[in-house]
Amino acid sequence: MGKELEQKEAGLNIVVVGHVDHGKSTVIGRLLYDTDSLPQGAIAKVEKIAHDTGKPFEYAYLLDAFEEEQQQGITIDTTRIQFSTEKRDYVIIDAPGHKEFLKNMISGAAGAEAALLIVDGKQGVQEQSRRHAYMLSLLGIKKVYVVVNKMDLAGYAETAFVKIKHEMGAFLAELGVYPLKYIPVSGLQGDNIATKSAEMPWYQGETLLEALDLLEGESAAVDRALRLPIQDVYKFDSRRIIAGRIEAGQLAVGDEIAIYPGGRKTKVVAFPYWQAKDKVTSAVAGASTGIQVADEFFNQRGEIITRAGDTPPLTGKRLRVSLFWLGKKSLQLNRRYKLKLGTQEVEAQVERIEKIIDASSLDQRQADTVKEIRLNDVAEVILKLKEEIAFDRFQDYQATGRFVLVDGYDVAGGGIVLGAEKEQAGEFSQKAMRYIMNHLPQNGELIVVVKDGEIVRLERTEREVFSGIDGEGI
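Residues numbered from 1 in each chain as written. Predicted model: local features only at pLDDT ≥ 70, side-chain atom pairs only at ≥ 80, totals over all residues. Heavy atoms only, no water.

Student: Run through the overall build of the protein, naming residues and quoting values.
Tutor: Across its full length, the protein holds nine helices and 25 strands. In the protein, which comprises 474 residues, the share counted as buried stands at 48%. Intrachain contacts of the protein at a sequence separation of at least 6 include 68% that bridge at least 24 residues. With an accessible surface of roughly 23900 Å², the protein has 47% of that area assigned to carbon and sulfur atoms. (Helix = DSSP H or I, 4+ residues; strand = E, 2+ residues; numbered from the N terminus. Buried < 20%, exposed > 50% of the residue type's maximum accessible area, 1.4 Å probe, protein only. Contact = heavy atoms within 4.5 Å. Areas by Shrake-Rupley, 256 points an atom, 1.4 Å probe, with all protein chains shown as cover.)

Student: Can you lay out the pairing of strand E4 (residues 114–120) for me, pointing to particular residues and giving the numbers?
Tutor: When you tally the buried positions in E4, you get seven out of seven residues, the bulk of the element. As paired strands, E4 and strand E5 (residues 143–149) are joined by seven bridges and run parallel to one another. Paired with Leu117 across the bridge in E5 is Val146. The β-α-β motif built from E4, the intervening helix H6 (residues 127–138) and the parallel element E5 has right-handed crossover chirality. (Pairing = 2+ DSSP bridges. Right-handed = clockwise from strand over helix to strand, strands pointing away.)

Student: Let's hear about helix H2 (residues 24–34): which residues, and what values?
Tutor: The buried count for H2 comes to nine of eleven residues, which makes it a mostly enclosed element. Among all positions in H2, only Lys24, Ser25, Thr26, Val27, Ile28, Gly29, Arg30, Leu31 and Leu32 are buried. In the segment just after H2, Asp36 is the residue with positive phi, at about 55°.

Student: Could you give an account of the side chain of Thr207, with specific residues and numbers?
Tutor: Summarising the element assignment, Thr207 is placed in the loop between strand E6 (181–184) and helix H8 (208–214). Taking the relative accessible area as the measure of exposure, Thr207 reaches 0% and is therefore buried. Aside from chain neighbours lying at most four places away, what touches Thr207 is Ile183, Asn192, Ile193, Ala194, Thr195 and Lys196.

Student: Which residues make up the pattern of salt bridges, and what are the values?
Tutor: Counting across every chain of the model gives 24 salt bridges. Its salt-bridge partner being Glu345, residue Lys338 comes within 3.7 Å of it at the nearest N-O pair. Connected via shared salt-bridge partners are Arg320, Arg352, Glu354, Lys355, Glu380 and Glu421. (Salt bridge = Lys/Arg side-chain N within 4 Å of Asp/Glu carboxyl O.)

Student: Please set out the sheet that holds strand E13 (residues 288–293) residue by residue, giving values where relevant.
Tutor: Ordered by their spatial adjacency, six strands build a closed barrel running E7-E8-E13-E11-E10-E14, and the pairing between neighbours is antiparallel. Neighbour to neighbour, the strand axes of the sheet diverge by 50° on average, direction disregarded. Both strand E7 (residues 228–236) and strand E14 (residues 304–307) contribute to a ladder of two bridges, which runs antiparallel. Within E14, the position partnered with Pro229 by the bridge is Ile304. (Axes fitted to C-alpha atoms, helices over the stretch in contact; angles between N-to-C directions.)

Student: Kindly report on the confidence of the model for the protein, identifying the contributing residues and their values.
Tutor: Chain-level statistics for the protein give a pLDDT mean of 80 and a share of 75% at 70 or above. Scored below 50 in pLDDT, residues 1–6 makes zero contacts in the model with residues more than four places away or belonging to other chains. The model gives residues 463–474 a pLDDT under 50, and that stretch makes nine contacts with residues more than four places away or in other chains. (pLDDT = per-residue confidence, 0-100.)

Student: Account for the environment of Lys265, with residues named and values stated.
Tutor: Within the secondary structure, Lys265 is located in strand E11 (residues 264–270). Judged by its relative accessible area of 48%, Lys265 is partly exposed. Counting along the chain gives 29 residues from Lys265 to Ala294, while the straight-line C-alpha distance between them is 9.7 Å. The contacts of Lys265, once residues within four sequence positions are left out, are Glu256, Ile257, Ala258, Asp295, Phe297 and Ala308.

Student: Tell me about the packing of aromatic side chains, and name the residues and values.
Tutor: Applying the stated rule across the entire model yields five aromatic pairs. Between Phe83 and Tyr90, the ring centres sit 5.0 Å apart and the planes meet at 10°, which makes this aromatic pair stacked. Owing to a relative accessible area of 1%, Tyr90 belongs among the buried residues under this scheme. Between Trp325 and Tyr337 the ring centres are 5.6 Å apart and the planes differ by 75°, which places this aromatic pair in the edge-to-face class. Here Trp325, found in strand E15 (residues 314–325), pairs with Tyr337, found in strand E17 (residues 336–341); they are twelve residues apart in sequence, far enough to count as distant. Grouping aromatic residues by their ring pairs yields a cluster made of Phe161, Trp202 and Tyr203. The ring of Phe171 is capped by Arg130, whose NZ or CZ atom sits 6.0 Å from the centre of that ring. (Phe/Tyr/Trp six-rings, centres within 6.5 Å; stacked < 30°, edge-to-face > 60°. Lys NZ or Arg CZ within 6 Å of the ring centre and 35° of its normal.)

Student: Account for a nonpolar patch on the surface, with residues named and values stated.
Tutor: Together, Tyr234, Phe236 and Trp274 line one region of the surface with nonpolar side chains, adding up to about 380 Å² of accessible area. Inspection of the secondary structure puts Tyr234 in strand E7. Judged by its relative accessible area of 38%, Tyr234 falls in the partly exposed class. (Patch = residues over 30% accessible without salt bridge, like charges linked within 9 Å, V, L, I, M, F, W, Y side chains within 5 Å.)

Structure, rendered in structure tokens:
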């Protein structure tokens, strides 16, 4: 048994989204049932609830976290479900389909590497199907399977499947999302979930379970440039330990590192440990670790560590982002919000709204006269931050390129970083000021030539300064 577990691939997180009535929970429940992944007594519990409510047995109820939710007949919590195949372990993130629960879906989908988009084979693509598809693209999830469910209600007709495949395919292509597979299933009857369907001989592809095992995980993260966001800094006796989770790359004792946004450089001298058996000299992507460095810098939560010579993160106070607004109150220009990106938290304002996008139709409207972003709007905006931070474009590094906006105590929006914006004319970034300070002459003057808020040239004027005592200079 131990050898079998050792041979398994790393686990995979999958988010499942879809219209409230398209049978998403039934598909997941059937997957768990067919893989013998249900906890003991789960089926008996569902049978009892079905009997008490006078409803037929439903696989969807296997997912509901609380009995009161089962009695309502809807799923309202973002539930994480584990199951296994011979190849690897899975975590399925079951995200609700209701508009009022989109916030839960965003927070659930944020940790996923792949997605199943459930569409009803009889009803076809709905507005909510398109909205969820757009959010998957917004979150950068590219490994997508479109699961066409309820094929039994569509008479197992190939024409119904092909129609949905063409319609959803055209919509997703506009988003830059190209589903790896389209799979016709019936969650209720079990067709093409774990076993091939005799009702759909025209479909020659894999079952859903077989297709899941074909997905490739993010194993290449270890080979990328180091990204270690600082979670906290702890002091034990004379040691200062920098703690965090390595999101990409690898790190070893002796490596020279740079800490951003400042860019200060130092060396890793040790990985602290409590017991001898825990002693290590290196760590890789996915590991939560602590390091000691050679120099006593003032390090703080939110800074990003990378290896000197690696591609550095971007730094700045102005970000171009794409965001999805979920707040009860509309997002207002110049209103203060809290931005959380990686382990960083900083005050942010929406400086400019570039465009607003209808998530259902993808129609765009310029935002020259728009002063707010409403519930469920998707927009491209410029965020202005109170302090300079380090970050990445989402397409380069997901963990350091994805953020949420907090309004008061509520997560009111989320999105991805598209890039850094230049400082406006007349503005100096903290990075520019550090650059100037690092180039100040010991004696004399420094002339800074600036164009459009950017330093284009430094001119030094050296001069001797005397203290007034013969032969003694300063």
